[in-house]
Amino acid sequence: MTYAGIDEVSLIRRCLKGDQEAIRRLIHLYQGPIYHLIWKAIGNEEEARDLTQETFIRALRALDRFDLARPFRNWILRIASNLAIDHLRRARLRTVSIDVDPDSDEGFHAPILVDENPRPDETDERRRLSDRLSSLVAKLPPEYRLVVHLRHREQLAYEEIARVLD
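For clarity, every value in this text was computed on a predicted model and none was experimentally measured.

Asker: I keep staring at unusual backbone geometry and nothing clicks. Help me out?
Answerer: Negative phi values dominate among residues other than glycine, just as trans dominates among peptide bonds. Phi is positive for Gln-155, which is not a glycine, with a value near 55°. The topology assignment puts Gln-155 in the loop between α6 (142–152) and α7 (158–165). The exposure class of Gln-155 is exposed, given its relative accessible area of 62%. Notably, Asp-166 is not glycine yet its phi reads approximately 60°, a positive angle. Checked against the element boundaries, Asp-166 lands in the segment after α7. According to the relative accessible area criterion, Asp-166 is exposed, its value standing at 68%.

Asker: Any chance you could explain the pattern of salt bridges here in plain terms?
Answerer: Two side chains of opposite charge can pair, provided their charged atoms sit close to one another. Counted according to the given criterion, the structure contains ten salt bridges. The partner of Glu-54 in a salt bridge is Arg-58, and the shortest N-O contact between them spans 2.9 Å. Residue Glu-54 and its partner Arg-58 are both found in helix α3 (residues 45–62); the two are separated by four residues, about one turn of the helix. Judged by its relative accessible area of 26%, Glu-54 falls in the partly exposed class. We note a salt bridge from Asp-166 to Arg-78, for which the minimum N-O separation is 2.6 Å. Remark: Arg-78 occurs in helix α4 (residues 72–91) and Asp-166 occurs in the segment after α7; sequence separation between them is 88 residues. Salt bridges sharing partners connect three or more residues here, namely Asp-86, Arg-89 and Glu-143.

Cut-offs used in this document
Residues numbered from 1 in each chain as written. Predicted model: local features only at pLDDT ≥ 70, side-chain atom pairs only at ≥ 80, totals over all residues. Heavy atoms only, no water. Helix = DSSP H or I, 4+ residues; strand = E, 2+ residues; numbered from the N terminus. Buried < 20%, exposed > 50% of the residue type's maximum accessible area, 1.4 Å probe, protein only. Salt bridge = Lys/Arg side-chain N within 4 Å of Asp/Glu carboxyl O.

Structural data, given as structure tokens:
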């Protein structure tokens, strides 16, 4: 399997042999996607950095048990998502329904997404809607935030998301 033009299997085999350059390359390859996934799930940069590091520690310790026939990206993103969810469970963060405005007694409809290429006079409105959508997504339960992130940021297919999140 390849990711970003790199043969994962040979890179992982080199890591298993203790090749430090291969380990650095593997970390460099996946550090961004893992950090963004965790950051989107927990919303704290410092804790996201710590959990990203913990993801690599766990992955490297379990690398000898990784099935080389499967995509490494899905495996390591699953480790990261599990760590993020466990972190949130420990923190016992309150979740909020996206269907109900917590500041109102009335329900509301999800915001309408604007066109990707807004006219100049729509730029400010698009920013406000984007901020509102980000705020709503941040209020989702961790599992749903991860699904939204994996689909829209990492552009994984639904089948891949299902495998990553088990």
